[in-house]
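Examination of the molecular architecture
Spelled out from the first residue to the last, the chains are:
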Amino acid sequence: MCNTALIMGTGISGSGAAELLLRNGWRVCVYDNAGARVPEGCEDRSFMPPELALRGVDLLVLSPGVPLTDEMVRYAKLCGTEVIGEIELGYRYSKGDIVAVTGTNGKTTVTLLIKKILECAGIRSYALGNVGASFSAVADKVDENAVVVLELSSFQLESIADFRSRYAICLNITPDHYERHGSFAEYADAKRKIFLNQTDGDFAILNYDDETVRSFERDVASGVYFFSARQKVKGCYLDGGRIYFADKGVEYIAAADELRIKGEHNISNALAAVTAAKLMGVENRAIVKALRTFSAPRFRMQYCGVIKGKRVYNDSKATNIDSALKACAAMKGSTALIMGGYDKGISYEQFFAKLPSTVKRIVVTGDNAESIRDDLPEKRGFAFEIAPSLYTAAVRAFEGDEENVLFSPSTSSFDRYADFEERGEAFDCIVRAIGCGEN
């Protein structure tokens, strides 16, 4: 008799888990109270109480959106049913080396840059996890000679058990997802799990410039390498505008201005990717070729052109405060900032304390608009208003005298949009509509 699995969530992760289990002879049930489509070949147990949904179930597989505090999860554990996440499931069927990437910001850029480097080196690779296809969807199809580069969120990491990657990278940790983790300490602990099962034959790659990430060194059993834009370290560092890799000796890699992706944060992202590539034995020529040709994914400080005399940028991927601050700091000239969205329960006091003086106008829209307003400083050098929709917010941002219009939400999109990409597409459409008004 075949084993039975219940998958919570039928989005990209859940559907991938279903495909994997069905291919490998499991009986698969799904549970999704959002009324989503049931994958072909699966039994629908949505809306059932836990005691019925879990009847005869040997394994409960969680999609990233399902917290460990969910009633179904708690009941399963009480009944002795094994509970794992989709990433853990994929790992159990994988064969090749894994490069795992986490952090608050830069995960997608670093994941795709590493894949680009591997492509330039002629190494077959896959970018999976929190970017593109789910890990489980292809895990058992990847042979042992290929490399899987996994982008992993804190939601995906909190439900691993035996998952282990040969190379694990933590880019940075800034306040985020308190609505899920409750505190900065718990959020950081979830990120730290990327190193949990590594051994002394594996590699941990840490951001030396981030104090929280740097402190992980004492907790990992693997070989530790750092990357830094400020200090000479064992690993990859920036010195005099030049990128070096130091291990048994010091190697010059490339000049920082050879990077196609611009901004201080992207230099740090490149240092992380180069560190992983060097540890994997990739030749410098492949690394340099990738650095010179790699373009950032959409909606990351995406330049939309000049509309009504203003430079317009779509930074919908800015799903937390730190990434929005980096976007504001990258602006040249006076800026009107459009922000707001899903309410993560995070204070904006530090955001306003660190906000560059070039931001002269802020227009807020979304579920957390009132929360942002409540944290406004008494003395401020910018205009502030709340708009009922993203379209209205954009129209009002264009009405000012600022040189730039920057859409950098500082939070997730889930109040109104399925993801940051749908939100970014919406902003692009709005900008085009506003631009048409010029004719």
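Presented here is a report on the structure given in the accompanying data block. (Residues numbered from 1 in each chain as written. Predicted model: local features only at pLDDT ≥ 70, side-chain atom pairs only at ≥ 80, totals over all residues. Heavy atoms only, no water.)

Examining the sheet that holds strand S1 (residues 4–8)
- With parallel pairing, the 5 strands of this open sheet are ordered in space as S3-S2-S1-S4-S5. Looking at strand neighbours, the two that pair on one side only are strand S3 (43–44) and strand S5 (82–85), the edges of this open sheet.
- In this sheet, S5 lies alongside strand S4 (residues 59–62) in parallel orientation, the contact comprising 4 bridges. Within S5, the position partnered with leucine 59 by the bridge is glutamate 82.
- Against the sheet, helix H1 (residues 12–23) makes contact with S1, strand S2 (27–31) and S4, and its axis sits at roughly 170 degrees relative to S1, the strand it touches most.
- Sheet contacts for helix H3 (residues 71–78): S1, S2, S4 and S5; angle to S4, the most-contacted strand, approximately 155 degrees. (Pairing = 2+ DSSP bridges. Helix = DSSP H or I, 4+ residues; strand = E, 2+ residues; numbered from the N terminus. Contact = heavy atoms within 4.5 Å. Axes fitted to C-alpha atoms, helices over the stretch in contact; angles between N-to-C directions.)

What about the pattern of salt bridges?
- One pass over the full model with this rule turns up 25 salt bridges.
- Between arginine 45 and glutamate 43 there is a salt bridge, with the nearest N and O atoms lying 3.0 Å from each other.
- Residues joined by salt bridges that share partners form a network here, namely Glu82, Glu88, Arg92 and Asp162. (Salt bridge = Lys/Arg side-chain N within 4 Å of Asp/Glu carboxyl O.)

Brief notes about the sheet that holds strand S18 (residues 359–364)
- Within the open sheet, the 6 strands sit side by side as S15-S16-S20-S17-S18-S19. Their pairing is mixed. With partners counted over all chains shown, the strands left at the sheet margins are strand S15 (302–307) and strand S19 (383–386), one partner each. When the angles between neighbouring strand axes are averaged without regard to direction, this sheet yields 20 degrees.
- Strand direction decides the pairing type here: strand S17 (residues 335–339) and S18, joined by 5 bridges, are parallel.

Here we look at the nonpolar core
- Ile114 and Ile169 are the most contacted members of the largest nonpolar core, which has 43 residues in total.
- It is helix H11 (residues 264–279) that contributes the most residues to this core, 9 residues altogether.
- Isoleucine 114 has contacts with Val99, Val101, Val149, Ile169, Ala273 and Ala276, leaving out every residue within four places of it along the chain.
- The next biggest cluster of nonpolar side chains, apart from the first, holds 34 residues, and it includes Ala137, Leu150, Ala168 and Val220. (Core = buried A, V, L, I, M, F, W, Y, C linked by side-chain atoms within 4.5 Å. Buried < 20%, exposed > 50% of the residue type's maximum accessible area, 1.4 Å probe, protein only.)

Focus: H3
- All of the buried residues in H3 are Met72, Val73 and Ala76. Seen from one end, H3 has its buried residues packed into an arc of 100 degrees, which puts them on one side. The exposed residues of H3 that point more than 90 degrees off its buried face are Glu71 and Leu78.
- Each element contacted by the buried residues of H3 is listed here: S1, S2, helix H2 (50–53), S4 and S5.
- The residue sitting at the N-terminus of H3 and contributing the capping side-chain oxygen is aspartate 70; that oxygen lies 2.8 Å from the backbone nitrogen of methionine 72. (Arc of directions from axis to C-beta. Polar contact = N/O pair within 3.5 Å; in protein donor to acceptor, adjacent residues only side chain to side chain.)

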